[in-house]
Every structure is written in structure tokens, then in C-alpha cells.
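Coordinate inspection notes
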Amino acid sequence: MAGLVVIFDFDKTIIDCDSDNWVVEELGINHLFTQLLHTLPWNSIMDRMMTELHNRGKTIEDVEECLKKVPLHPSVASAIQSAHAFGCDLRVVSDANVFFIETILKHHGLLDCFSEINTNPSLVDEQGRLRILPYHDFNSSPHGCNICPSNMCKGLVMEKIRALVSADGKKQLVYVGDGAPDFCAGLKLEEGDVLMPRKDFPICDLISANPLLTKAKIHEWSDWEELGANLLSTVNNALIDESSNTRTDQLVPLDCKYQNTLISATAHEALQKALPVSPPH
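What counts and what doesn't
- Throughout this document, residue positions are counted from 1 along each chain, in the order its sequence is written.
- In view of the model being predicted, local features appear only for residues whose pLDDT reaches at least 70, and side-chain atom pairs are presented and counted only at 80 or more, with totals across whole chains, interfaces and linings using the full set of residues.
- Hydrogens and water molecules were not included; the side-chain quantities draw on all heavy atoms of the structure.
- We call a residue buried when its accessible area falls under 20% of the maximum for its residue type, exposed when it is over 50%, and partly exposed in between, using a 1.4 Å probe and counting protein chains only.
- A run of H or I in DSSP becomes a helix once it reaches four residues, and a run of E becomes a strand once it reaches two; helices and strands are each numbered from the N terminus.
- Paired strands, as defined in this entry, are two strands with at least two bridges between them according to DSSP.
- Orient the strands so they point away from the viewer, and a crossover whose first-strand-to-second-strand path over the helix runs clockwise is right-handed.
- The criterion used for residue contact is that any of the two residues' heavy atoms lie within 4.5 Å.
- Polar contacts, as used here, are pairs of N or O atoms within 3.5 Å; protein pairs need one atom able to donate a hydrogen and one able to accept it. Residues neighboring in sequence count only if both atoms are side-chain atoms.
- Each helix should span, by expectation, one fewer than its residue count multiplied by 1.5 Å.
- Only the stretch in contact is used when a helix axis is fitted, and all axes are lines through C-alpha atoms; the angle between N-to-C directions ranges over 0 to 180 degrees.
- In these notes the angle categories are as follows: under 35 degrees is roughly parallel, over 145 is roughly antiparallel, 65 to 115 is roughly perpendicular, and the rest is oblique.
- Two helices cross in a left-handed way if the nearer one is turned anticlockwise from the farther one by less than a right angle. They cross in a right-handed way if the turn is clockwise.
- In this classification, Asp, Glu, Lys and Arg are treated as charged, Ala, Val, Leu, Ile, Met, Phe, Trp, Tyr, Cys and Pro as nonpolar, and every other residue, Gly included, as polar.
- Residues enter a nonpolar core if they are buried and are Ala, Val, Leu, Ile, Met, Phe, Trp, Tyr or Cys, with the set joined through side-chain atoms within 4.5 Å.
- Salt bridge criterion: a side-chain nitrogen from Lys or Arg within 4 Å of a carboxyl oxygen from Asp or Glu.

All right, on to the pairing of strand 6 (residues 172-177) then. Of all 6 residues in strand 6, 5 are buried; the element is thus mostly enclosed. The pairing of strand 1 (residues 4-8) with strand 6 spans 5 bridges and is parallel. By the bridge assignment, isoleucine 7 is partnered in strand 6 with tyrosine 175. For the segment spanning strand 6, helix 8 (residues 180-186) and strand 7 (residues 194-197), crossover handedness is right-handed.

Given below as C-alpha cells:
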């Protein structure tokens, strides 16, 4: 489906936690992290935490094994694989970091479903220590957004994605997220786009407080079954819109544990090629 681009936040959207907090708590440095919370930007604290882990003898492999235990709901994995099988262009916009996101997605067999991951860069230095850098250099070129953290404005990232994917024609964008920066990203959506905010999270509070600012259609979700259902419904509608000559009797039922819907026969064949995903360990 060349016309549909689905953009996901990562923490508390694709995974059922904040990946930074998960590593900090699981590897026993939460006390130091809490001490530094009001002294440095979050992104800088996480870089400091990786140095602390290294100093305590924790290896990059220890961090990797910790990340493999992050909970990722099977309904999310299934919906991602299905959307990818339908031909959607899937992307990530997250304030986590490359190493955390790629490790988790690869572990669950989902990394190849995404065409692009927009997040804070990370690298392993010559000492074997994981370094986490800011997406935007807030010292030399601050982005000026008062919604997003200093290291990453998701609205600016969305502008870049819109320009990139629109180069070969009009695209419908779908954005899925939970936090205040995801509200900033949602402000860049246009009429005909879809915003999927997580209920009872900061993004919904901001939408309610600023109801006239969001141009996109809004489909809220509260859990991962509902997220999967909403996502597949949006994909299905886009499939039908793209194939104006598709008749109802040419559609086949897709039997998901969270939704029965209709998709085109071609999409159904593609879905059958999607690999099953094991529940998180």
C-alpha cells in the first residue's frame, strides 16, 4: 500500500514500558538516575547511566539481554506484521535511542517491518561503553519547541518525514503515540490523516485542552488489542479507498483475536506470509 505511512512512538506505544526506565531499574542504578533527574536533560542522564553501568562492570551484552526482557504485547506485534504485509510504510519516531529500539524490535522479529527509525543516535565506543547522543544538538542549534524535550522535537521530525514520503505523491499519514511530544507530532498531520492517541495519557490531555489544533481524524486506544483493531481498520479503509473497483464479494475476512474485519484478497495473501510472533518471555 504505497499511500499509507504509519508512524509509531516506541515507549508505552509499541512496548509496554519506558525502555530507559526499564534498563535503569533492571540493572540497579535507579537511585543515581533519580538523583540526576533535575540536574541534566533526560537524554544526557541516560548517557551518564550507560557510563555508570560500564564502570560497574556491566557489558553491552548485559544491556542487550536486559532489553530482550522488555514486554511487547502479541497484539501489537501482530498488527505491525499485518500492516507491513499489506504494504504500509512503517516508521518509528522516538525519544529512546537506536540501540534500545533495534535490540527490542530485532528480538521480537519486527525490525525489518520498519523502513526508518528516527531516534537519538547511539554507539559503542572503543572502551565497549554504550554512548547515547541527542537527535538535535541542543547546544549549537536548539529547536525552540516548548512541547518537546531539548534533544528531539517530534514535530520537526514529522515535517521531514512528510516531505520525504510526499516526494512521489500524496500520502496518508497515521501517527500512534502517548506522550506530549506525540501531540507535537500530531499537530503536523493534515485533514485525511489519522492520529491514534493513547487514552488517559498526556497526549489526550493536550488534545482535550486544544481541540481546534488537531486537523487529523482521531482514533483513541486504551490497550494493545484496541490499538491493533484501530490500526487494521485504518489499513483496511485505505485499501478500499486505493482500490475503487474492489467489490465487497472480493473481500475476505481476517480473523484476528481482537477484530474481525475485511481486507482485499491480495492483502490477505500477503498477511499469510507474515511470520508468527512468540509472546514476550
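Following the structure, the description resumes.
It is worth spelling out the environment of serine 94 at this point. For serine 94, the position within the fold is in strand 2 (residues 89-97). Note on serine 94: relative accessible area 1%, which makes it buried. In this structure the C-alpha to C-alpha distance between serine 94 and valine 157, which are 63 residues apart in sequence, comes to 9.9 Å. Here serine 94 is in contact with Asp9, Phe10, Ile101, Asn118, Thr119, Asn120, Met152 and Lys154, once residues within four sequence places are set aside. From its side chain, serine 94 meets the backbone nitrogen of alanine 96 in a polar contact 3.0 Å long.

Listing the buried residues of helix 1 (residues 19-26) in full gives Ser19, Asp20, Trp22, Val23 and Val24. On its buried face, helix 1 is in contact with helix 2 (30-36), helix 3 (42-55), helix 4 (60-67), strand 2 and helix 6 (98-107). Two or three places before aspartate 20, at the opening of helix 1, aspartate 18 has a side-chain oxygen 2.9 Å from that residue's backbone nitrogen. Just downstream of helix 1, glycine 28 is the residue with a positive phi angle, here 75°.

For helix 10 (residues 224-242), which comprises 19 residues, the first-to-last C-alpha distance of 27 Å matches the rise-based estimate of 27 Å (1.5 Å per residue) to within 8%. Where helix 10 begins, one side-chain oxygen reaches toward the backbone nitrogen of glutamate 225, 3.3 Å away; that side chain belongs to aspartate 223.

The next subject is the packing of helix 5 (residues 74-85) against helix 10. Packing of helix 5 against helix 10 brings their axes to within 8 Å, and their N-to-C directions diverge by 15°. It follows that helix 5 is roughly parallel to helix 10 by the angle criterion. Here the hand of the crossing between helix 5 and helix 10 comes out left-handed. Along the contact surface, helix 5 presents Ser75, Val76, Ala79, Ser82 and Ala83, while helix 10 presents Trp224, Glu225, Leu227, Gly228, Leu231, Leu232 and Val235. Of the residues that constitute the contact of helix 5 with helix 10, the class distribution is 8 nonpolar, 3 polar and 1 charged.

Attention shifts here to the nonpolar core. Counting residues in hydrophobic clusters, the biggest one holds 58 residues, and the most contacted among them are Ile14 and Met49. Broken down by element, this core gets its largest block of residues, 7 residues, from helix 10. Every residue in contact with methionine 49, bar those within four places of it in the chain, is listed here: Val24, Ile29, Leu32, Phe33 and Leu36. Core analysis: the next-biggest nonpolar cluster, separate from the first, contains 17 residues, Val5, Val157, Leu173 and Leu189 among them.

The subject of this paragraph is the pattern of salt bridges. Tallying each qualifying case throughout the model produces 14 salt bridges. For aspartate 89, the salt bridge goes to arginine 91, with nearest N and O atoms at 3.0 Å. What you see here is one network of salt bridges that share partners, running through Asp89, Arg91, Glu116 and Lys160.

This is a description of form; function is not addressed.
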